[in-house]
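These are the residues of each chain, in order.
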Amino acid sequence: MAVTKTKRDYPLDRIRNIGIIAHIDAGKTTTTERILFYTGKTYKIGNIDEGTTTTDWMEQEKERGITIVSAAITASWTAKSGPFQDQEMRINLIDTPGHVDFTVEVERSLRVLDGGVIVLDAASGVQSQTETVWRQANKYHVPLIAFANKMDVVGADFLGTIQSARDRLGANAIAYNLPIGAETSFKGVVDLLGNDEKGAFAIVWEQSGSDFDPSGSKFNITDIPEDMKIAVEEHRNKLIEEICATDEVLLEQFLNGKKIAVNDLKLALRKAVIAEKIVPVMAGSSLRNKGVQPMLDNVVNFLPSPQDLPEIKGLDPKTQEEKIFQNVKDAPLGALAFKIQVDPHVGRLTYVRVYSGILKSGSYLYNSTKDVKERVGRVLLMHANDREEIDEAFAGEIIAVVGLKDTVTGDTLCDDSNPIVLESITFAEPVISLAIEPKTKSDQEKLAYSLQRLGEEDPTFRVKSNPETGQTIISGMGELHLEIIVDRMKREFKVEANIGEPQVAYRETIQKEARGEGKYIRQTGGRGQYGHCLLRIEPLPRGQGREFVSEVVGGAIPREFIPAIEKGVIEKEDTGMLAGFPVTDIKVAVYDGSYHDVDSSEIAFKIAGSLGLSEAAKEADMILLEPIMKVEVTTPEEFMGDLIGDLSSKRAQILGTEKRHNSSVINALVPLAELGGYITAIRSMSQGRASAYIEPSHYESVPSNITQKIVASSGFTGRVEH
Ligand code: GDP
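Residues numbered from 1 in each chain as written. Predicted model: local features only at pLDDT ≥ 70, side-chain atom pairs only at ≥ 80, totals over all residues. Heavy atoms only, no water.

## A few points about the pairing of strand β4 (residues 88–95)
Regular strands have side chains that alternate between both faces of the sheet. Counted only if it meets this: The classification of residues rests on relative accessible area computed with a 1.4 Å probe and restricted to protein chains. Under 20% of the type maximum is buried, over 50% is exposed, and intermediate values are partly exposed. Strands here are runs of E lasting at least two residues and helices are runs of H or I lasting at least four, both read from the DSSP assignment and numbered beginning at the N terminus. Strands pair, by our definition, only if DSSP identifies at least two bridges between them.
For β4, the tally of buried residues reaches seven of eight residues, placing the bulk of the element in the interior. Two elements, strand β2 (residues 15–22) and β4, share six bridges in a ladder whose sense is parallel. The residue bridging R16 from the neighbouring strand is I91, located in β4.

Encoded structure:
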C-alpha cells in the first residue's frame, strides 16, 4: 500500500467527522462503499454480496457480510450546492458496526463523531436496531441526517418511512427531497429547496447496465415531472415552514410573505440539524447508485464541523478539578484513543481523535489515564486504499498513530505539562461466556497471547482463567461476538483448542437486609492472627452494582484495616456464594469489630471480611439473576403462529405484534438462557424467511425450579457457604 507524505493545515470548518449508522441490512456497507467511490478514494465499486468491500477488513466480516471493526477513513468531497459550495471538504468516515452484538463499537465510534447519517430501509421503515442507534446518537448528542435507502425495492415507501421515524423515534423528520418513482421505476429525486432562480428541481440518474458500473452515478438536472408538481409545492412549503420555525429572523420574513434566499434557509437548517431540532430525510438507493451525491452535499452542508462543538471538558488528573480546553490547535493537546487495530502492514495502529492542540509525529505524549509516557511514531491519515503520512494532526482531526505501546481504547493522550483526563467510553457488561481448553502447552501460550491482542482491540470481551480446571473463560455480548473471537483466535493466531458451549453469565444477588460476623482468630503459639468485623448487607436496586462503606466509629477497627476487609468482601463477591456467579446489586457496610495490638494484620482482616459476607448472605435470601434479551422477530404472516408458540415455550414475555409493510413483527423479552441457536432455529421454522434481532435488555430473577438446576450443576451446594 502506498504511503504519501504531506503537510497540510486543514481549516476546521471544512472537516466533517461522520459515521453511518443503521439497522443491519439497511445498506450501511453499500452506502459507505458508494461514498468512498464518489469521493474518489476507491476505484472499483465494492460488492458486499461478493465480499469485496473496503471497510470490511477482516476475513470473517467478508464471509459473514457484516462490519465488526470500526476503521476511520479520510476522504474528500466538493459540494455542488449550499453554503460550502465548491470548497474541498475533508470527510473522516468512521465505520460503525452493523450487528448488535457489537453495540459497544457503535457507542465508541459515536463518542468521537461530530455527526452522522442514519440509513433507513425505505421498505421497512424504522427497525428495532434503528431505535437503538438513534438512542445512542442522542446520548452523545450526535446530530443526524437520514437517508431512506432501497427506494428501488418492492414496498419502498418514502413518506411512510419518514412517518415511522416521527412515530417510533420521536424525531422531527422532514422530507428534504422527494423520490421520483419508486420500486423498479425509482430514478431520481426532487431537490425541494433547489435554487433561488428555479425553486425546486429534479435530479435524475442515468441508467447503467450494472449496479457496479460507475457510469450509473452520472445525473442530470431536469424539470419536475408534471404529476409531482402539487406534492412538491406542498412538501417544499412544509420544509420551509419547519426551517423558519427554528429561526426568529426567518420566521418573521416567512410570516410577512417575503421570499427567503435558499442559502439562508440552508444555513438555518444547518443550525437546526446541529441543535437536533430537525432531521432532514433524503431518498435514494445506494445499490442502484442513486441519491448518494446529494446526500454527501448535505453531509457537508448540514452536519457539524469540529468547530461547532463546544470546548472539551475533562479532569485534571492531579487535582481532580474540571479542566476545559478550547477546540483549537493553539490550545493544549487533548486527544482520545478510540480504537486499536493490528494492521498487517504497519503493526499496531491507535485511532485517535484530536480534540484540541496539535499531535506531532516523533513527539512524546502523556497517557493521563495510565500515567505513562508514550512516543508517537508516525501519524497517518487512513484513506480507503492508501495512507498518507502527516507531520502533525490538528484539533478536529481523526488519525491513526503508529508506535503507541500502552494506550488502549478510551485512554486520553495529552501533554504532561498540562494534563487532562477526558471522559472515557463506558462499556456494557458481558452476558455470555464460554470455556476454552488449549490442546497443548504451546497452544496455551499462543492462547494467552492471542487473547491479549484481541482484548486490546475489543475491550468488551473479558478473559478469566479457572486455575482448578486449567480452562480459560471468555465472556462477551452475545453468541456471535464469542464466535468471532474464537474464529479469529484459531485463524489468525493458530490456536488449537476445545471450545465449550456458550454459558449464560448469571449473577447472584440478595433479597433482604442481613448481618454477619466475620472472625479470623488464631492465637496458639508464635505470632497469632486476629481479624474481626461485623457486616450489614442490603439489596440495591437492579443495575446499581456494588457498594462498600465503613460505618466504624471510635476506632473499633483501625482505619488501615478497612481496605483489607473490603478486599475480602470483593473477592467473595467475585466468586459468588450460591452457584459461583458474581454477586451484584449489593451494599456492604462494616459497622463494628475489634482488633488486637500485635496479632491483627491485613490478611486476617481480609479473611474476616470474606467470612463476614458469607455469614450475612446465609440470612439474605440469595437468588440468581439472568440476562433478559429484547427480541424482535420479523417474519411473513404465515409463520407468526408457530413462532409465537415457540417463543412461549421459551419463557418469553410477548410484548406485542405489529404489521410492518409486507411482514409481521413480534416483540418479546426472552431469557438469554433460552436463546441458544435461536437464529438458526427460526430460519428452519420459516423456510429461511424469518429473521431476529436480539440485544441485552436487563437482568431478572431466575425462577426457583431453574435456579435449583443451575445450582446443582455448579458444584456449589446451593446453601450459601463459607
Ligand atoms: P448493512 O448490513 O447495513 O451494512 O447493509 P449492506 O450494505 O450489507 O446491504 C444489505 C443488503 O441489501 C445487501 O445485499 C445489499 O446489496 C442490499 N442493498 C443495499 N442497498 C440497497 C439498495 O439501495 N437497493 C437494493 N435493492 N438493495 C440494497
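## Some remarks on the sheet that holds strand β13 (residues 312–315)
One open sheet holds the three strands; their spatial order is β14-β13-β25, and the pairing between them is antiparallel. Edge strands, defined here as strands with exactly one partner in the open sheet, are β14 (322–325) and β25 (421–422). Relative to β14, β13 runs antiparallel, the two being bridged by four bridges. Within β14, the position partnered with K313 by the bridge is I324.

## A short note on the packing of aromatic side chains
The way to describe two aromatic rings as a pair is by their centre distance and the angle between their planes. Definition in use: Between rings of Phe, Tyr and Trp, where Trp is taken as its six-membered ring, a pair exists when centres lie within 6.5 Å; planes separated by under 30 degrees are stacked, by over 60 edge-to-face, and by other angles tilted. The rule is short: NZ of Lys or CZ of Arg within 6 Å of the ring centre and within 35 degrees of the ring normal puts a charge over the ring.
Using the criterion set out here, one finds six aromatic pairs in the structure. Relative to F581, the ring of Y506 has its centre 5.3 Å away and its plane inclined at 65°; by these criteria the two rings are edge-to-face. Of the two residues, Y506 sits in the loop between β30 (503–504) and β31 (507–509) while F581 sits in the loop between α12 (562–575) and β35 (586–594), which places them 75 residues apart along the sequence. If you follow K80 out to its NZ or CZ, it ends over the ring of W77, 4.6 Å from the centre.

## Structural notes on the nonpolar core
Considering soluble globular proteins, one finds that nonpolar side chains tend to be buried as a cluster. The cut-off we apply is this: By nonpolar core we mean a set of buried residues, namely Ala, Val, Leu, Ile, Met, Phe, Trp, Tyr and Cys, connected to one another through side-chain atoms within 4.5 Å. Where a domain begins and ends is set by an automatic assignment or by a domain database. Note on contacts: a residue pair qualifies if any of its non-hydrogen atoms lie within 4.5 Å across the two residues.
Formed by 103 residues in total, the largest nonpolar core has its most connected members in V117, F158 and V190. Both domains that furnish three or more residues to this core are identified here as domain 1 (12–308) and domain 2 (312–422). Leave out the neighbours within four places in its chain, and F158 touches A148, M151, A175, N177, L178, P179, V281, M282 and A283. Listed in part, the 73 residues of the second largest apolar core include V552, A668, V702 and I706.

## Looking at the pattern of salt bridges
Selection rule: Whenever a carboxyl oxygen of Asp or Glu lies within 4 Å of a side-chain nitrogen of Lys or Arg, that contact is scored as a salt bridge.
This structure, assessed with the given rule, holds 30 salt bridges. With a shortest N-O distance of 3.2 Å, D585 and R542 are connected by a salt bridge. Pair noted here: D585 is in the loop between α12 and β35 and R542 is in the loop between β33 (529–539) and β34 (546–550), with a separation of 43 residues, a long-range link. Residue D585 is classed as buried on the basis of its relative accessible area of 2%. Note on R542: relative accessible area 44%, which makes it partly exposed. In this structure, E626 and R651 form a salt bridge, with 2.7 Å as the shortest nitrogen-oxygen distance.

## Overview of the packing of helix α6 (residues 229–244) against helix α8 (residues 262–274)
In plain terms, the rule: Every axis corresponds to a line fitted to the C-alpha atoms, with the helix fit spanning only the stretch in contact, and the corresponding angles, defined between N-to-C directions, vary from 0 to 180 degrees. Any angle from 65 to 115 degrees is called roughly perpendicular, while one under 35 is roughly parallel, one over 145 is roughly antiparallel, and all others are oblique. Should the near helix be turned counterclockwise from the far one by less than a right angle, the crossing is left-handed, whereas a clockwise turn marks it as right-handed. Amino acids are sorted into nonpolar (Ala, Val, Leu, Ile, Met, Phe, Trp, Tyr, Cys and Pro), charged (Asp, Glu, Lys and Arg) and polar (every other residue, Gly among them).
Where α6 contacts α8, the two axes come as close as 9 Å, and the packing angle between them is 60°. Classified by the angle between their axes, α6 and α8 sit oblique to one another. For the element pair α6 and α8, the recorded crossing hand is left-handed. Together, R236, I240, I243 and C244 of α6 and V262, L265, A268 and L269 of α8 make up the contact between the two elements. Partitioning the contact of α6 with α8 into residue classes produces seven nonpolar, no polar and one charged.

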